[in-house]
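A closer look at the structure
Chain by chain, the residues:
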Amino acid sequence: MLLPLPLAGAYDYRLGPGIEAGEGDFLRVPLGRRSAIGVLWGPATDDVDPAKLKDVTERLDVLPLPDVSRRFVDWVAGYTLAAPGAVLKMAMSVPDALQPPVAPPPAYVAKKKLPDDLRLTAPRQRVIEAAWAPLPATELARVAGVGVSVIKGLAQAGALEMVARPAATTSPGEPDWRRPGPDFSEDQAKIGAELRTMVSTGFAVALLEGVTGSGKTEVYFEAVAEALAQGKQALVLLPEIALSAQWLDRFAQRFGVAPVAWHSDLTQARRRDVWRDVAAGRARVVVGARSALFLPFPDLGLIVVDEEHDASYKQEEGVAYHARDMAVVRARLGGFPAVLASATPSLETLANAQAGRYRLLHLPARHGGAPLPDVGLIDLRRTPPARRSWLAPPLVEAVQKALDAGEQALLFLNRRGYAPLTLCRTCGHRLQCPNCTAWLVEHRQQGRLQCHHCGLVSVLPKACPSCGSEEQMVPCGPGVERVAEEAAQRFPEARLAVMASDTLTGPDAAARLVAQMARHEIDLLVGTQVVAKGHHFPMLTLVGVVDADLGLGGGDLRAGERTFQLLTQVAGRAGRAAHPGRVMLQTFQPEHPVMGALASGDAQRFYTTEANERRSAGMPPFGRLAALIVSGPDAAQVDGAAAQLARRAPKGEGIDVLGPAPAPLHFLRGRHRRRLLLKTERRINLQDLLRPWLASVKTLGAVRIQVDVDPYSFF
């Protein structure tokens, strides 16, 4: 029995009297003083005295976890060095879905012929008129403006008929794969046909690369259509499903119905229904965040990872995994294709395509012949903004010109809030999170200070906590709210909106803002990286990047790659329809290779340079990395465990261990953090080095050692 807990492994149990079960069945078992639900993983080990075995108490009346899902759990656990039960917990993320479905309350509908002796009062008349279609008693009472007792009285009098209601389902209907797609260019039609063929030929991986606006979504819909034609389920991963209203509209236009969505903003009841519909095969197409990979698909035939380069596919906490890579593994285990789509592929995916492991499918032009936007650099050393401003004169002029022409403009700054730092003018004291190595970010619209790492919220103090000076705390640097404040002052006639994760209260708010932008009810949009998530705004012709250098520093292995990808995606929002686009990047480093590649449009030059630097340093994708993060509330214990790890580090040709050293965020959520980095040649199996190394170290107290194979960030 494997339980969804971070335990050492599976536990042996004995099937209780009258209980029959097979592998994959969900069983209730005793665990200490409580009971737990787990999955029958396989035969017992026979390592436990039969007299000590506890009996399984119940087999749950639910479909078993598919064999391919169990193999996927084992594979992920083995690769990430996580406890198998911790991975299983992600596949059992909705415990309510394992309980017997609760029958929906009965509904009432008015009979065609009312009893002759029925006394019709005004309230009763309203009920009869409202009950033309079946409604539950509470809902019918609400619509008619009466009490539930009126409903029951009419039912007893024979005027209302009680009818059973079907069980809830999340399926919006069967997607119609026969519906014709859009008119394709020659390149699009050719690649669409190749993707259809892949779906019919078993496991393969394709990189669908194309410039922003080239129609990648509509092209990979051809693969989705083929999977549906073969009676298979399909999964599309998006980096932020809650911000993808336009994608959902495109899907509905292509297939006649919306897909089934899976993301963190769903209610618990909705998640329960989705989990059940996926397990029963009723959910034909699921679009979701990275956790959708662990849903119990019985007949999955395709996975698409859209915006495969996006950093949000990497889970940093708990089981550390990259959904893009695990999607490829899930496809291989299931014997079907995976499609990785992006205008700015990750270097790892490009290297696999260039080595022939992935098929490369390239869309070189925008759909409909729209040209790519012109990209220009504003050297802030030569034309700086005015004092206490953040927009340089050339950018201000360009925005005004776009607004005067009746077009839309976007100002982009990938920094939430009003200001990233608040300090005292008198003594220089900086407001820092007490739980993290991070400054508190001012969010002026909400009237608060917030730590973006642990979530701590506080109010802006009237007096300096250090020197006691009053009214001396001032914001330093711009956040997106501060840029919006300046833009409102400079362009008072423009209809302005802010688009950031802090200002969007959920999927509906995001959809409304995107729709307003598409209808040109907004002239000037100020936003963070959420604006770069595949949105299509036909009248957006100007993109101004307030701080193009943000993200290039900090010593991150992928700093240049991430900056290039993000700015390319943001630039791709401009000029996607009839009106040509223009992009202006404010930078203090116009000579930086990233800026040169963006200005020239030569992405290949950037990727070649980046790959050569990584190759010479033996860094991914040409070498392998694993991070070990030692953390705990006691700094001395953390240092002791880190030193012990360093002393027992593996040695050998092609193996290097760096550290221990304080992590960049060396104090996070009240825990001190030290980092070691295992760096090896690609030929070396990291897991074979890590397992005995970790087993050789005993930690004290609350010290934890987290392993991150293939780390994506280095905080």
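Residues numbered from 1 in each chain as written. Predicted model: local features only at pLDDT ≥ 70, side-chain atom pairs only at ≥ 80, totals over all residues. Heavy atoms only, no water.

**A short note on helix α16 (residues 593-600)**
In plain terms, the rule: Throughout this description, buried means an accessible area under 20% of the type-specific maximum (1.4 Å probe, protein chains only), exposed means over 50%, and partly exposed covers the range between. What counts as a helix is a DSSP run of H or I of at least four residues, what counts as a strand is a run of E of at least two, and both are numbered from the N terminus. As used here, the arc belongs to the directions running from the helix axis to the C-beta atoms. Contacts are assigned to residue pairs with any non-hydrogen atoms lying within 4.5 Å of each other.
Residues of α16 that are buried: V594, M595, A597 and L598. The arc that holds the buried residues of α16, viewed along the axis, is 165°, so those residues lie on one side. Taken together, the buried residues of α16 touch β18 (374-379), α15 (559-571), β28 (582-587) and α17 (603-617). G601 occupies a position one or two residues after α16 and carries a positive phi of about 75°.

**Considerations on the sheet that holds strand β2 (residues 26-31)**
For the record, the criterion: DSSP bridges decide pairing: two strands pair if at least two such bridges lie between them.
Read across the sheet, three strands follow the order β3-β2-β5 without closing on themselves; strand pairing throughout is antiparallel. Both edges of this open sheet fall to β3 (34-39) and β5 (58-59), since each of them pairs with a single strand only. Note that β2 and β3 share six bridges and pair antiparallel. In the sheet register, R28 faces β3, and the bridge partner there is I37.

**Some remarks on the sheet that holds strand β22 (residues 448-450)**
Spatial strand order, β21-β22-β23: three strands in an open sheet with antiparallel pairing. Each edge of the open sheet is held by one strand with a lone partner, namely β21 (441-443) and β23 (457-458). Sheet analysis places β22 next to β23, joined by two bridges and oriented antiparallel. Across the sheet, the residue bridging to Q450 is V457, located in β23.

**Focus: helix α13 (residues 480-490)**
Listed in full, the buried residues belonging to α13 are V480, E481, R482, V483, A484, E486 and A487. Buried residues along α13 sit in contact with β19 (408-412), β21, β24 (473-476), β25 (496-499) and β26 (524-527).

**Describing the pattern of salt bridges**
Quick note on the threshold: Note on definitions: salt bridges are taken to be side-chain nitrogens of Lys or Arg within 4 Å of carboxyl oxygens of Asp or Glu.
Summed over the entire model, instances satisfying the criterion amount to 34 salt bridges. Residues K314 and D708 are paired through a salt bridge, measuring 2.8 Å at the closest nitrogen-oxygen approach. One end of the pair, K314, is in strand β14 (residues 314-315); the other, D708, is in strand β32 (residues 704-709), with 394 residues separating them in the sequence. In this structure K314 comes out as buried when scored by relative accessible area, which is 4%. Its relative accessible area of 4% is what places D708 among the buried residues. One salt bridge in this structure joins R381 and D379, with 3.1 Å as the shortest N-O distance.

**Here we look at the environment of D46**
Its location among the elements puts D46 in the loop between β3 and β4 (55-56). C-alpha separation for the pair D46 and D12, spaced 34 residues apart in sequence, amounts to 8.0 Å.

**A word on the state of the cysteines**
As used in these notes, a disulfide is a covalent bond between sulfur atoms, one from each of two cysteines. Applied cut-off: A pair of sulfur atoms, both from cysteines and within 2.5 Å, is called a disulfide here.
Per the stated rule, a full pass over the model turns up zero disulfides. Of the cysteine sulfurs around C464, a residue in no disulfide, the closest is that of C427, at 3.6 Å.

**Details of the packing of helix α6 (residues 186-199) against helix α7 (residues 216-229)**
We count it as follows: Axis lines are fitted through C-alpha atoms, for helices just across the contact stretch, and the angle between N-to-C directions can take any value from 0 to 180 degrees. When an angle is under 35 degrees it counts as roughly parallel; over 145 it counts as roughly antiparallel; between 65 and 115 it counts as roughly perpendicular; any other value is oblique. Should the near helix be turned anticlockwise from the far one by less than a right angle, the crossing is left-handed, and should it be turned clockwise, the crossing is right-handed.
Where α6 contacts α7, the axes come no closer than 8 Å and their chain directions differ by 30°. In terms of orientation, α6 lies roughly parallel with respect to α7. Where α6 crosses over α7, the handedness of that crossing is right-handed. Here Q188, I191, G192, L195, R196 and V199 of α6 lie close against α7, whose contacting residues are V219, Y220, E222, A223, A225, E226 and A227.

**Section: unusual backbone geometry**
Note that the residue after P620, namely P621, is joined by a cis bond; omega there is 10°. A cis amide bond, omega 10°, links G659 with the succeeding residue P660. Positionally, P660 belongs in strand β30 (residues 655-668). We note that L81 has phi near 65°; this positive angle belongs to a residue other than glycine. As for its placement among the helices and strands, L81 is situated in the loop between α1 (67-80) and α2 (84-91). Unlike most non-glycine residues, H520 shows phi in positive territory, near 60°. Checked against the element boundaries, H520 lands in the loop between α14 (507-518) and β26.

**A short note on the nonpolar core**
Here is the rule we go by: Each nonpolar core is a collection of buried residues, namely Ala, Val, Leu, Ile, Met, Phe, Trp, Tyr and Cys, held together in the definition by side-chain atoms within 4.5 Å.
F26 and L293 are the most contacted members of the largest nonpolar core, which totals 115 residues. Among the elements that line this core, the one with the most residues is helix α10 (residues 323-334), at seven residues. Residues in contact with L293, not counting those within four places in the same chain, are F72, L235, L237, I303, A323, M326, A327 and R330. The next biggest cluster of nonpolar side chains, apart from the first, holds 32 residues, and it includes F221, L228, I241 and V285.

**So, the pairing of strand β27 (residues 540-545)**
Most of β27 is tucked away: six of the six residues are buried. Judged from the five bridges that link them, β19 and β27 form a sheet pairing that is parallel. The residue of β27 that forms the bridge with Q408 is L540. As paired strands, β27 and β28 are joined by four bridges and run parallel to one another. Bridging from a neighbouring strand, V543 pairs with V583 of β28.

**Overview of the packing of aromatic side chains**
Rules: Pairs were defined over the aromatic rings of Phe, Tyr and Trp, the Trp ring being its six-membered one, requiring ring centres within 6.5 Å. Orientation was assigned from the angle between planes: stacked under 30 degrees, edge-to-face over 60, tilted for the rest.
Taken as a whole and judged by the stated rule, the model has 13 aromatic pairs. Here the aromatic rings of F221 and W247 are separated by 5.6 Å at their centres, their planes lie at 75°, and the arrangement is edge-to-face. Here the residue F221 occupies a position in helix α7, and W247 occupies one in helix α8 (residues 245-255), the gap between them amounting to 26 residues. The buried category is assigned to W247, whose relative accessible area is 7%. Each residue in the set Y220, F221, W247, F251 and F255 is aromatic and connected to the rest through ring pairs, giving one cluster.

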